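Observations on the model geometry
Take a look at the letters that make up each chain.
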Amino acid sequence: MPRKNPTTGPDGLTRRGFLTSMGTGAIGVAASADLFAAGKEAVDPQVMPAGRTSKVVLRINGETHVVLAEPRWTLLYVLREVIGLTGAKPGCERGECGACTVLIDGVARYACLTLAAEAQGSEVTTLEGLMDGETLGPVQTAFAEADAFQCGYCTPGQIMAVEGLLRTNPNPSAEEIRRGASGNLCRCGAYKHIFEAAHRAAELKRGK
Ligand code: FES
Ligand code: FES
């Protein structure tokens, strides 16, 4: 079962890798300063000014979006604050709750741990992308039928996790459903109904 907070992304760049490279860059700048202080040839560190944006091309729910984004901006931030798709929710924003779950190339991922730049070249699916016009998709329908929410804040992420699971495993066992949804927390404790909804969603997708 693929993890939702991968250490490598589709183009090899991850939040952790990004931060690591930033740390490496800081060491490089310090080393350059030492060389300069020693009277040797200094290397221009080419530091990008804070607030500088660059073009990022994203494929989201079958449409192409060209946005200007800072390298540090997460996919979650760009989806919600730049593009206006608010289905993915900010919860912990550090890879613990799953409220921000989207599909990247069909696999459930935490959008809060994915840089927008990482998602270039991939197909991103959000909660909105499961709709057919104004009609709910099968997983959304199953959650409504099973009354699988209380406050509803975790629900978009739970639905995307189940959607991701069913794309790789159309007929999961109860244990596989529990494992597939294990990256998504529900503070209301609606797990029993969430698992029932996942089972029902599998049936709906199989045309039952
Ligand atoms: S908001 Fe992304 S995992 Fe909690
Ligand atoms: S329904 Fe409230 S957090 Fe899950």
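Residues numbered from 1 in each chain as written. Chains lettered and ligands numbered in written order. Predicted model: local features only at pLDDT ≥ 70, side-chain atom pairs only at ≥ 80, totals over all residues. Heavy atoms only, no water.

Considerations on the packing of aromatic side chains
Tallied over the entire structure, the rule returns two aromatic pairs. A centroid spacing of 5.0 Å and a plane angle of 55 degrees characterise the contact between W73 and Y77, whose relative ring orientation is tilted. On the basis of relative accessible area, W73 is assigned to the buried category, the value being 16%. (Phe/Tyr/Trp six-rings, centres within 6.5 Å; stacked < 30°, edge-to-face > 60°. Buried < 20%, exposed > 50% of the residue type's maximum accessible area, 1.4 Å probe, protein only.)

A look at the nonpolar core
One finds V139, F143 and V162 to be the most contacted residues of the largest nonpolar core, which totals 23 residues. Elements with a minimum of two residues in this core: α3 (138-145), α4 (155-168) and α6 (191-205). With residues up to four places along the chain from it excluded, the contact list for V162 reads V139, F143, A198 and A201. By size, the runner-up hydrophobic cluster in this structure holds 21 residues, among which are I60, C112, A119 and V124. (Core = buried A, V, L, I, M, F, W, Y, C linked by side-chain atoms within 4.5 Å. Helix = DSSP H or I, 4+ residues; strand = E, 2+ residues; numbered from the N terminus. Contact = heavy atoms within 4.5 Å.)

Points about unusual backbone geometry
The residue D105 is not glycine, and still its phi comes out positive at about 50 degrees. Along the chain, D105 falls in the loop between β3 (101-104) and β4 (107-110). Even without a glycine there, the phi angle at D147 is positive, about 55 degrees. Note that D147 resides in the loop between α3 and α4.

Some words on the confidence of the model for the chain
Overall, the prediction assigns the chain a mean pLDDT of 85, with 78% of residues at 70 or greater. Segment residues 1-39: pLDDT under 50, and 44 contacts once partners within four positions in sequence are set aside and those in other chains are kept. (pLDDT = per-residue confidence, 0-100.)

Observations regarding the environment of A144
Looking at where A144 falls in the secondary structure, it is placed in helix α3. Residue class for A144 comes out partly exposed when judged on its relative accessible area of 47%. Distance in space between the C-alpha atoms of A144 and A197 is 8.1 Å, their sequence separation being 53 residues.

Topic: the pattern of salt bridges
Pairs can form between side chains of opposite charge once their charged atoms are near each other. One pass over the full model with this rule turns up 10 salt bridges. Note that R179 and E175 form a salt bridge whose closest N and O atoms lie 3.8 Å from each other. Of the two residues, R179 and E175 both sit in helix α5 (residues 174-180), four residues apart, roughly one turn of that helix. Between E203 and R200 there is a salt bridge, and its shortest N-O distance comes to 3.0 Å. Note that E203 and R200 are positioned in helix α6 at a spacing of three residues, about one turn of the helix. Given the relative accessible area of 22%, E203 is considered partly exposed. Judged by relative accessible area, R200 falls into the partly exposed class, the value being 25%. The structure contains a network of salt bridges with shared partners spanning E145, R200 and E203. (Salt bridge = Lys/Arg side-chain N within 4 Å of Asp/Glu carboxyl O.)

Overview of helix α2 (residues 75-83)
For α2, every residue scored as buried is listed here: L75, L76, V78 and L79. The inward-facing, buried residues of α2 abut β1 (54-60), β2 (63-69), β3 and β5 (123-125). Just past α2, the residue G84 takes up positive phi, approximately 90 degrees.

Structural notes on the packing of α4 against α6
Axis separation between α4 and α6 bottoms out at 10 Å; the angle between their running directions is 45 degrees. Here α4 is positioned oblique relative to α6, judged by the angle of their axes. Seen from above, α4 lies across α6 with right-handed handedness. Across the interface between the two elements, Q158, V162, E163 and L166 from α4 touch I194, A198, A201, A202 and K205 from α6. Among the residues forming the contact of α4 with α6, the class breakdown is six nonpolar, one polar and two charged. (Axes fitted to C-alpha atoms, helices over the stretch in contact; angles between N-to-C directions. Parallel < 35°, antiparallel > 145°, perpendicular 65-115°, else oblique. Left-handed = near helix turned anticlockwise from the far one by under 90°. Nonpolar A, V, L, I, M, F, W, Y, C, P; charged D, E, K, R; others polar.)

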